[in-house]
Amino acid sequence: MTSKERKRVQFVIKSSKFCNLRCRYCYEYAELGNREAIAPEQLDKMYAHIASYYNRLDRPVDIQFIWHGGEPLLQHPDYYWRTFDRQQQIFGELASSVTNTVQTNLTVLNNKHIHLLREGFDGVGVSVDLFGGLRVNQANKDSLQVVLANMDRLQSEKINFGCITVLTKLNLPYLEEIYRFYEKIKIPFRVLPLFNGAFDGQHQGYEISANEVLNAYRTLFDLWLESKSPVRVRPIIDYIKPVIRHYIPNAQPDFYNKREWEYMYLVNVNGDIYSYADAYNSEFCHGNLFETPLENIVLSAGHEKAIMAAEKRMASACHSCEYFGRCSGYPVAEESVIHNQIDADGNAQCTKEKGIFQYIEKRFKETGIINPITRKVNMNQDYISKHILGLDIPG
Ligand code: SF4
């Protein structure tokens, strides 16, 4: 690689599967009672392998660690303070490009956590669905009220955070209430369509189809578009940039090239590393990041297999798609598997993304944001130019 373009890579780290909740849709469900955690020394080895690989590349890179579980805040805060110190030592000059985000159920929050979230982590994501009652503890008690109280505490402590709300059949009827809730408290949020579970039949009773997700996206887009004080709702606003890229003179096309660059890896508690699309599928395991240099992992047979499968998915859905080049193809390459949009031959469908692109384009034309005659984006007449075009949103 010779380009000096800045790149980003995320490592989702499963510090431990141990959790105090038993959310009914959790894809880690079978392991939530397992207290095993990645040992500090294993984290050090992982950092050494990551630092060595990216130090040798001829480009600047932002390295993001996203701490997942289970519930990552059930580890003692010192676990993270120590590892942040070790990152500084091991990454050396690269350390200023390293950030840490935690994805928490926010059911445990004491003064030490507050200190850790404010001074230690660079970002905080809170998992909360607001409706549906699926996020329960071992006694089947809904965690919602505890989480809302702790979100109030984060806000009063001036700790920035965002939320993730999993879309299921049970909260689909409440999309407007969900949007208004976040709009009122001015907290950005992401809706995450229900993904494959830990076992067959786990999601019975609250599964949603791709068309239901698409309809939910349309509703959220309209709420966002018509809001007087819009809140940042992902992935909806991520979908705007590919739509308007088409109308921006000299905009460069964007094609996802997994062979050239991986944006996201998942590291399991035992060090096994996967692409996001093939997490926990042993056939596609790239190796073990505690034991093997990342250079070897990138060149492994498992990684090659994952690349070829992603390329096949893109060939089946993206190469004939009107949006390919505006949309990079990443949704089909990396997200269609976990959202069950693959047929038995490994070919992909793209109901949600293509559908929401078409809808956004239609609505932008109706509202004059895109002029269908001149094919120009009306950038000066709407806040969208300011709030969307200025953002660095991956296509
Ligand atoms: S909209 Fe879907 S099919 Fe089209 S390029 Fe994007 S991911 Fe591929």
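Cut-offs and rules
- Residues numbered from 1 in each chain as written.
- Predicted model: local features only at pLDDT ≥ 70, side-chain atom pairs only at ≥ 80, totals over all residues.
- Heavy atoms only, no water.
- Near = heavy atom within 4 Å.
- 1 Å grid on protein atoms, 1.4 Å probe; cavity = no way out; pocket = protein on both sides within 12 Å on 5 of 7 lines; lining within 4 Å.
- Sits in = over half its atoms within 2 Å of the grid points.
- Helix = DSSP H or I, 4+ residues; strand = E, 2+ residues; numbered from the N terminus.
- Nonpolar A, V, L, I, M, F, W, Y, C, P; charged D, E, K, R; others polar.
- Buried < 20%, exposed > 50% of the residue type's maximum accessible area, 1.4 Å probe, protein only.
- Pairing = 2+ DSSP bridges.
- Right-handed = clockwise from strand over helix to strand, strands pointing away.
- UniProt positions renumbered as here; feature names shortened; annotations may be inferred.
- Points joined across faces, edges and corners; volume = space filled by probe spheres on them.
- Core = buried A, V, L, I, M, F, W, Y, C linked by side-chain atoms within 4.5 Å.
- Contact = heavy atoms within 4.5 Å.

**Quick look at the site of the ligand**
The local shell around the ligand consists of Ala-317, Cys-318, Cys-321, Phe-324, Cys-327, Gly-329, Pro-331, Val-332, Cys-350, Lys-354 and Phe-357. Structurally, the ligand is housed in the largest cavity. For the shell around the ligand, the secondary-structure elements that each account for two or more residues are α10 (330–335) and α11 (351–366). Classifying every residue of the shell around the ligand gives 9 nonpolar, 1 polar and 1 charged.

**Here's the deal with the pairing of strand β1 (residues 7–14)**
Of all 8 residues that make up β1, 7 are buried, and the element is covered over most of its length. Where β1 lies against strand β2 (residues 61–68), 8 bridges are found, and the strand directions are parallel. Residue Val-9 lies in a different strand from β2, and its bridge partner there is Ile-63. Where the polypeptide runs from β1 across helix α1 (residues 40–56) and back to β2, its parallel neighbour, the crossover connection is right-handed. Bridge analysis of β1 against strand β8 (residues 264–267) gives 4 bridges, and the strand direction is parallel. The residue of β8 that forms the bridge with Gln-10 is Met-264.

**Points about the UniProt feature "domain: Radical SAM core" (unreviewed entry) in the chain**
Per the UniProt record, the feature "domain: Radical SAM core" (unreviewed entry) sits at residues 15–181. Between the first and last C-alpha atoms of residues 15–181 the distance is 31 Å; the span itself is 37% helix and 16% strand.

**What about the layout of surface pockets?**
Reported here for the second largest pocket is a volume of approximately 400 Å³. Classifying every residue of the lining of the second largest pocket by side-chain character gives 8 nonpolar, 10 polar and 3 charged.

**Overview of the nonpolar core**
If you look at the biggest cluster of nonpolar residues, it comprises 102 residues, and the most contacted ones within it are Phe-11, Tyr-54, Ile-63 and Phe-65. No other element matches helix α6 (residues 210–226), which puts 9 residues into this core. Setting aside its immediate chain neighbours within four residues, Phe-11 contacts Ile-50, Tyr-54, Ile-63, Gln-64, Phe-65, Ile-66, Tyr-265, Val-267, Ile-273, Leu-289 and Leu-294.

**A word on the pairing of strand β5 (residues 162–167)**
In terms of burial, β5 is largely enclosed, as 5 of its 6 residues are buried. As for the winding sense of the linkage, the β-α-β connection from strand β4 (residues 123–127) through helix α4 (residues 144–156) to β5 is right-handed. Note that β5 and strand β6 (residues 189–193) share 5 bridges and pair parallel. Each bridged residue has a counterpart across the sheet, and for Ile-164 the counterpart in β6 is Arg-190. Between β5 and its parallel partner β6, the chain crosses via helix α5 (residues 175–185), and the hand of that crossover is right-handed.

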